[in-house]
Amino acid sequence: MTLKSKLIISNVLLAVITLLLVGVTIAYFSDTAQISNTLTSGSVKIMLYESAVKKDEFGNLVADNEATKIFGGQDATIHDYGRIHPGQTIYKDPTIQNTGTNNAWIAGRITFTDGDGDLQKVIKLNDGNGIDIKMVLDGGVLAETAQVGIWNGLENVLYNDHFAMVQIPNATEGEYVFYIFYHETFAQGDTAKLFDTLKIPSEWNNEEMQELENLNIKIQAFATQTEGMENCLHAMRTAFPDYFNF
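Residues numbered from 1 in each chain as written. Predicted model: local features only at pLDDT ≥ 70, side-chain atom pairs only at ≥ 80, totals over all residues. Heavy atoms only, no water.

Visitor: Just checking my understanding: could you explain the overall build of the protein chain for this structure?
Guide: In terms of helices and strands, the protein chain carries 3 helices and 22 strands. Within the protein chain, buried positions represent 49% of all 246 residues. Considering only contacts within the protein chain whose residues lie at least 6 apart along the sequence, 70% involve residues at least 24 apart. (Helix = DSSP H or I, 4+ residues; strand = E, 2+ residues; numbered from the N terminus. Buried < 20%, exposed > 50% of the residue type's maximum accessible area, 1.4 Å probe, protein only. Contact = heavy atoms within 4.5 Å.)

And the structure:
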């Protein structure tokens, strides 16, 4: 790696273990890998974390503000969400923070892999291409009003003055990737919450719940230096061509 940058990747795995008439068992796993270069003039460094959760009286999983936040690490913790059901909401707030001394361009990558199911069957876009991420995830940048159009030469991009989200579907392999680019650079201490809610639509029936079997959602965070970079898209393509090769 030639650019003076630092990458922290956190994988959040939602694994449906057992299918039941009223729901499934769901868990997630967090892990971190790091690649870094530190300069004498400063450093580019980020952190990816989320809140711990607890069950409320309605069966939803809400933020446990008294518990320690969950940070990516090699000694990752496995959390079992228990059985999930239609209409349930789970608080999940993957947040990226610039912990380095230098300003940085920040981007997020959310990858859905539907395993043995057919995710597009239940959260399909109107045009049939890709999936409707906002049907199951909400909050953070996903709650912002945005338009769909052409952005930096890319079509069907959801964007506003704050961020742009590009979807790269690959339905033949059951994989759907979403890239979130922030238009402004992040100073030390700045944070960005990608979303804060995983929701199970209340109208889903047992057949539709089956399409969640072995579903994986992987969340990754990326940061690069600002020097020599025109914008966030240019920075990510330059620093991480293997991830941003579209």
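Visitor: Just to check I follow, could you spell out the pattern of salt bridges for this structure?
Guide: If charged atoms from side chains of opposite charge come close, those side chains can pair. Counted by the stated rule, this structure contains 3 salt bridges. For the salt bridge of Lys-121 with Glu-207, the shortest nitrogen-to-oxygen distance reads 3.2 Å. Of this pair, Lys-121 sits in helix H1 (residues 119-122) while Glu-207 sits in helix H2 (residues 206-210), placing them 86 residues apart in sequence. On the accessibility criterion, Lys-121 (48% relative accessible area) is partly exposed. Overall, the relative accessible area of 44% leaves Glu-207 in the partly exposed class. For Asp-138, the salt bridge goes to Lys-199, with nearest N and O atoms at 3.8 Å. Linking Asp-138 in strand E15 (residues 137-138) with Lys-199 in strand E21 (residues 197-199), this pair joins segments that are 61 residues apart in sequence. Given a relative accessible area of 29%, Asp-138 falls into the partly exposed group. (Salt bridge = Lys/Arg side-chain N within 4 Å of Asp/Glu carboxyl O.)

Visitor: Please explain the environment of Arg-237 as it appears in this structure.
Guide: Looking at the secondary structure, you find Arg-237 in helix H3 (residues 232-239). Residue Arg-237 is classed as partly exposed on the basis of its relative accessible area of 30%. Beyond its immediate stretch of four places on either side in the chain, Arg-237 contacts Leu-154, Phe-244 and Phe-246. Looking at Arg-237, its side chain comes within polar contact range of the main-chain oxygen of Phe-246, at 2.4 Å. (Polar contact = N/O pair within 3.5 Å; in protein donor to acceptor, adjacent residues only side chain to side chain.)

Visitor: Explain the nonpolar core to me, please; I cannot follow it from the model alone.
Guide: As a rule of thumb, nonpolar side chains are buried together in soluble globular proteins. Core analysis: the largest hydrophobic core is formed by 41 residues, its most contacted members being Phe-112, Leu-119 and Tyr-182. At the level of elements, strand E7 (46-50), strand E14 (105-113), H1, strand E18 (163-170), strand E19 (175-182) and strand E22 (216-224) are the ones that each hand at least two residues to this core. If sequence neighbours within four positions are ignored, Phe-112 has contacts with Leu-119, Ile-131, Ile-133, Val-136, Leu-137, Gly-174, Glu-175, Tyr-176, Phe-178, Leu-215, Asn-216 and Ile-217. In terms of nonpolar packing, the next biggest core, distinct from the first, is built from 20 residues, Ala-107, Val-166, Cys-232 and Leu-233 among them. (Core = buried A, V, L, I, M, F, W, Y, C linked by side-chain atoms within 4.5 Å.)

Visitor: Just to check I follow, could you spell out H3 for this structure?
Guide: What sets the pattern is the α-helix's 3.6 residues per turn: residues three or four places apart point alike. Among the residues of H3, those classed as buried are Cys-232, Leu-233, Ala-235, Met-236 and Ala-239. Buried positions in H3, seen along its axis, are confined to an arc of 165° and lie on one side of it. On its buried side, H3 packs onto E14, strand E16 (147-151), strand E17 (154-159), E19 and E22. Looking at where H3 begins, the residue whose side-chain oxygen comes 3.2 Å from the main-chain nitrogen of Leu-233 is Asn-231. (Arc of directions from axis to C-beta.)

Visitor: Would you mind going over the sheet that holds strand E10 (residues 70-71) with me for this structure?
Guide: Backbone hydrogen bonds hold the strands of a sheet together, and the pairing may be parallel or antiparallel. Judged by pairing direction, the sheet is antiparallel, and its 4 strands sit side by side in the order E10-E7-E13-E20 without closing on themselves. Both outer strands of the open sheet, E10 and strand E20 (191-193), are each paired with one neighbouring strand and no more. Of the pairings in the sheet, the one linking E7 to strand E13 (residues 95-98) comprises 4 bridges and is antiparallel in character. Bridging across to E13, Leu-48 finds its partner in Ile-96. (Pairing = 2+ DSSP bridges.)

Visitor: What should I look at first to understand the packing of aromatic side chains in this one?
Guide: Here the distance between the centres and the angle between the planes together describe a pair of aromatic rings. Summed over all chains, the structure comprises 11 aromatic pairs. Judged by centre distance (5.1 Å) and plane angle (50°), the ring pair of Tyr-179 and Phe-244 falls under tilted. One end of the pair, Tyr-179, is in strand E19; the other, Phe-244, is in the segment after H3, with 65 residues separating them in the sequence. Given a relative accessible area of 2%, Phe-244 falls into the buried group. (Phe/Tyr/Trp six-rings, centres within 6.5 Å; stacked < 30°, edge-to-face > 60°.)

Visitor: In this structure, what is going on with the environment of Asp-190? I would like to understand it.
Guide: One can find Asp-190 in the loop between E19 and E20. By relative accessible area, Asp-190 is classed as partly exposed at 32%. The spacing of Asp-190 and Asn-98 is 92 residues in sequence and 5.6 Å in space, taken between C-alpha atoms. Each residue touching Asp-190, except ones within four places of it in the same chain, is listed here: Ile-96, Gln-97, Asn-98 and Thr-185.

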